[in-house]
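# Structure assessment
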Amino acid sequence: MSSDTQVGTGPTLAGSISVRALETAADKKAFLEIPYTAYGHLADWRAPLRFERAAQIDPARNPALARMEHVLMVARRGSEVVGRVAAFINPAHLETHKDATGHFGFLDTIAPDDDVIGALMHAAEDWLRSRGMKRIAGPFNFSVNEECGLLVDGFDSPPVMMMPHGRPDYAPALEARQYTKAMDMYAYMCQLGEAYRVPEKIRKLKEAFDQDPGLEVRMMNPHDYKGEIDLILGIFDDAWSRNWGFVPFGKDEITHMANELKPLIRRDGLWIGLIDGEPACFTLVLPNLNEATEGLDGRLLPFGWLQLLHRLKLRGTRTARLPLAGMRKKFHKTRRGMLTMVASCEAAFAAQHARGVREVEASWILETNRDLHNLVSIYDAPRYKTYRIYGKAL
């Protein structure tokens, strides 16, 4: 539930900064508009769809948010809107990690301004401290299963879908307030080339896969879409359950995600690997929605939806993102598991190349996930962006 009281203020040389929870429709509109004002002039920023961002902060349309105690706040210097932040307590995180940690997210300022960052984070910290939290971490929008991390390296290229952007001034401003790195997450860009060539190491692994009759990969069954999404997210929860920051998907979140992604998931974008008939792993690749919406300023009306339809369905995209992949724990560190994971990844890449995709971002990957780093390295994919989660004791 959200708060409707003033939650923080901070003095500056230029005047008083007030940080208040959203109270009116105008406040909500200001909260949503801040990134478009702050980054719209940046060549490498891509405007997300406005209706999607509005739904993200609406508990009636975002089941993950509906379960969280949360507050959305806007900072003003006088009457001028200068920044925003959210603070929230995720019960799924607390149940899993039992670490008395609350979170912040949606940290944006209209322009570089350490005083505004200070006022916003002071308000978020106070709000969480007053509710018994002992630590704050973020940014998360609103969980590790959604858009998260502060971009700290790779500002010279646009973000792909569901990945944040921002400015270089945020990291030092947080660090000046005693925030320290909790975890880095990497993005790699796999160049598929005009002529698709399978790397030699992948070719040899694929040959070994083909020689084992108990191993297979298949495309998604479009006639059982919901069942397939349930299947891969079940694999994901099992695969990632021991990883840093893991929070399991709720059943309503799975349904929500399935509905949200259905227009983007193609049959040949989801590949499931089986070992002796048991679903063991999967690779999901999505067309880069940010490429398709470039130049629309996040708006589909009056004619943006026609451009989006043309770009996605008729022209296609040259870029894609691999946002989800995983293998059940019982197959980790096994040769057959590794072969099946490689085969599902290769099948997904080859299928996307046939559609005209020439670059696939693999993101995000925890800095501690050596297995995925090793797999990506076989494709000679450079690490080109780093996202950081910060933490601080309260």
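Reading the values: the criteria
- Residues numbered from 1 in each chain as written.
- Predicted model: local features only at pLDDT ≥ 70, side-chain atom pairs only at ≥ 80, totals over all residues.
- Heavy atoms only, no water.
- Core = buried A, V, L, I, M, F, W, Y, C linked by side-chain atoms within 4.5 Å.
- Buried < 20%, exposed > 50% of the residue type's maximum accessible area, 1.4 Å probe, protein only.
- Helix = DSSP H or I, 4+ residues; strand = E, 2+ residues; numbered from the N terminus.
- Contact = heavy atoms within 4.5 Å.
- Pairing = 2+ DSSP bridges.

We now examine the nonpolar core. Grouped together as the largest cluster of nonpolar side chains are 63 residues, with contacts concentrated most on Phe-142, Ile-229, Leu-233, Ile-265, Phe-282 and Trp-364. No other element matches helix α8 (residues 225-240), which puts 9 residues into this core. Apart from the residues lying within four places of it in its own chain, the contact partners of Phe-142 are Gln-56, Ile-57, Asn-62, Leu-65, Met-68, Leu-72, Ala-86, Phe-88, Asn-90 and Phe-106. By size, the runner-up hydrophobic cluster in this structure holds 36 residues, among which are Tyr-186, Phe-209, Ala-351 and Ala-362.

Let's shift gears to the environment of Tyr-186. Tracing the backbone shows Tyr-186 in strand β10 (residues 180-191). Sequence separation between Tyr-186 and Gly-273 is 87 residues; the distance between their C-alpha atoms is 25 Å. Not counting residues within four places of it along the chain, the set of residues in contact with Tyr-186 comprises Ala-362, Ser-363, Trp-364, Ile-365, Glu-367, His-373, Arg-383, Lys-385 and Thr-386.

What follows concerns the side chain of Thr-319. Position of Thr-319 relative to the elements: it lies in strand β14 (residues 319-327). Aside from chain neighbours lying at most four places away, what touches Thr-319 is Pro-287, Asn-288, Glu-291, Val-357 and Glu-359.

So, about the pairing of strand β3 (residues 69-77). Within β3, 8 of the 9 residues are buried, which leaves the element mostly enclosed by the surrounding structure. Sheet topology note: the β3/strand β4 (residues 80-89) ladder contains 9 bridges and is antiparallel. Across the sheet, the residue bridging to Val-71 is Ala-87, located in β4. Once β3 ends, the chain turns through 2 residues before running back antiparallel as β4, passing Gly-78 with a positive phi of about 65°.

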